[in-house]
Amino acid sequence: MSNEQFEKPSLVFCLEELSARRFLESFLPRLNPKISTIETQYIVFEGKSDMDKRLERRVRGWLRQNTTFVVLRDQDSGDCTTIKTDLVNKCSTTCHDSLIRIACRELESWYLGDLSAVDAAIGSNNLAGQQNKAKFRTPDSIGSPAAELERMTKGAYQKVGGSREIGKHISVDPAQNSSHSFGVFVGGVQQVLQKLLGREGMA
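Residues numbered from 1 in each chain as written. Predicted model: local features only at pLDDT ≥ 70, side-chain atom pairs only at ≥ 80, totals over all residues. Heavy atoms only, no water.

> Outline the overall build of the chain, listing residues and values.
Each helix and strand in the chain was counted, giving 10 helices and 4 strands. Taken from N to C terminus, the helices and strands of the chain fall in the order α-β-α-β-α-β-α-β-α-α-α-α-α-α. Principal-axis analysis of the C-alpha atoms gives the chain an extent of 60 × 35 × 25 Å. The 203 residues of the chain split such that 47% are buried. Pairs at least 24 residues apart make up 76% of the contacts formed inside the chain by residues separated by at least 6 positions. Here the chain displays about 9,600 Å² of accessible surface, and carbon together with sulfur accounts for 48% of that area. (Helix = DSSP H or I, 4+ residues; strand = E, 2+ residues; numbered from the N terminus. Buried < 20%, exposed > 50% of the residue type's maximum accessible area, 1.4 Å probe, protein only. Contact = heavy atoms within 4.5 Å. Areas by Shrake-Rupley, 256 points an atom, 1.4 Å probe, with all protein chains shown as cover.)

Structure, rendered in structure tokens:
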């Protein structure tokens with residue numbers, strides 16, 4: 001029997017910034033509580049440029065077998081298809097499984113897709129009523145979601161702390177979030193977790 005068969009499955013999130021880690025640390029146990037049975041780690045890069053430079057080397061040099069990588073990066077003003085193709089190519093040089101997801105346009109697009117969660121996170125009660133406005137029905141198309149969220153909350157939203165708190169409240173049901181990219185991310189992570197938990201006999 002190979003060493004890989006003995007090793008417990010592990011899940012590694014590769015992220016461009018700390019706010020994404022804080023969001024996932026709050027959100028993932030709510031998405032699937034059984035994630036606690038999987039060894040989960042986070043690699044946080046110092047922005048997109050740092051991720052572009054070091055991602056391939058970090059994944060290729062990962063010694064532990066039976067590891068799945070989830071790479072999450074903001075689209076910002078770039079082309080989503082081009083960004084994803086580049087990240088897929090970087091990860092395809094290794095023997096590890098990987099999932100590549102792009103937040104269109106920023107992580108905050110996901111938050112704007114569930115304004116009731118933002119209300120709960122910052123202690124307000126006046127944002128959820130705006131969810132039916134045209135721009136919040138398609139938050140992935142908002143040019144600067146982070147700036148929009150800061151404006152709406154009058155500065156109460158702070159990137160790292162706000163992401164942690166919103167992760168505690170944002171719906172785990174993609175149907176309750178108007179961000180398409182959020183639904184794509186959640187669906188992909190759910191599939192990864194089902195696969196890893198199946199290896200553990202926990203699915």
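Moving on from the model shown.
> I'd like to hear about unusual backbone geometry, residue by residue, with values.
Between Cys-104 and the following residue, Arg-105, the backbone shows a cis peptide bond with an omega angle of -10°. Among the secondary structure elements, Arg-105 is positioned in the loop between strand 4 (97-103) and helix 5 (107-112). Despite not being glycine, Asp-76 has its phi angle at roughly 55°, a positive value. Considering the arrangement of structural elements, one finds Asp-76 in the loop between strand 3 (67-74) and helix 4 (80-91). The backbone of Lys-154 sits at a positive phi, close to 55°, despite the residue not being glycine. Overall, Lys-154 belongs to the exposed group, its relative accessible area being 75%.

> Can you break down helix 2 (residues 18-31) residue by residue, with the values?
One turn of the α-helix equals 3.6 residues, which is why residues spaced by three or four share an orientation. The first and last C-alpha atoms of helix 2 sit 20 Å apart over 14 residues, in line with the 20 Å expected at 1.5 Å per residue. The sharpest bend along helix 2 reaches about 30° and sits at Glu-25, with the proline Pro-29 one to four residues further on. Every buried residue of helix 2 is accounted for by Ser-19, Ala-20, Phe-23, Leu-24, Ser-26, Phe-27, Leu-28 and Leu-31. Buried-residue contacts for helix 2 involve strand 1 (10-15), strand 2 (39-44), helix 5, helix 9 (159-167) and helix 10 (180-199). (Expected span 1.5 Å × (residues − 1). Bend = angle between axes of the 7 residues up to and from the residue.)

> So, the pairing of strand 2: which residues are in play, and what are the values?
A regular strand places its side chains so that they alternate between the two faces of the sheet. The pairing of strand 1 with strand 2 spans 6 bridges and is parallel. Within the sheet, the bridge partner assigned to Phe-13 lies in strand 2 and is Tyr-42. Following the chain from strand 1 across helix 2 to the adjacent parallel strand 2, one finds a crossover that is right-handed. (Pairing = 2+ DSSP bridges. Right-handed = clockwise from strand over helix to strand, strands pointing away.)

> Give a detailed account of the nonpolar core, specifying residues and quantitative values.
Counting 40 residues, the largest nonpolar core has Leu-11, Phe-13, Phe-23, Leu-28, Trp-110, Tyr-111 and Phe-185 as its most contacted members. The leading source of residues in this core is helix 10, at 8 residues. If we skip the residues at most four places from it in the chain, Phe-185 touches Phe-13, Leu-24, Val-70, Leu-72, Arg-101 and Trp-110. With 16 residues, the next largest nonpolar core counts Cys-14, Ile-43, Met-51 and Cys-91 among its residues. (Core = buried A, V, L, I, M, F, W, Y, C linked by side-chain atoms within 4.5 Å.)

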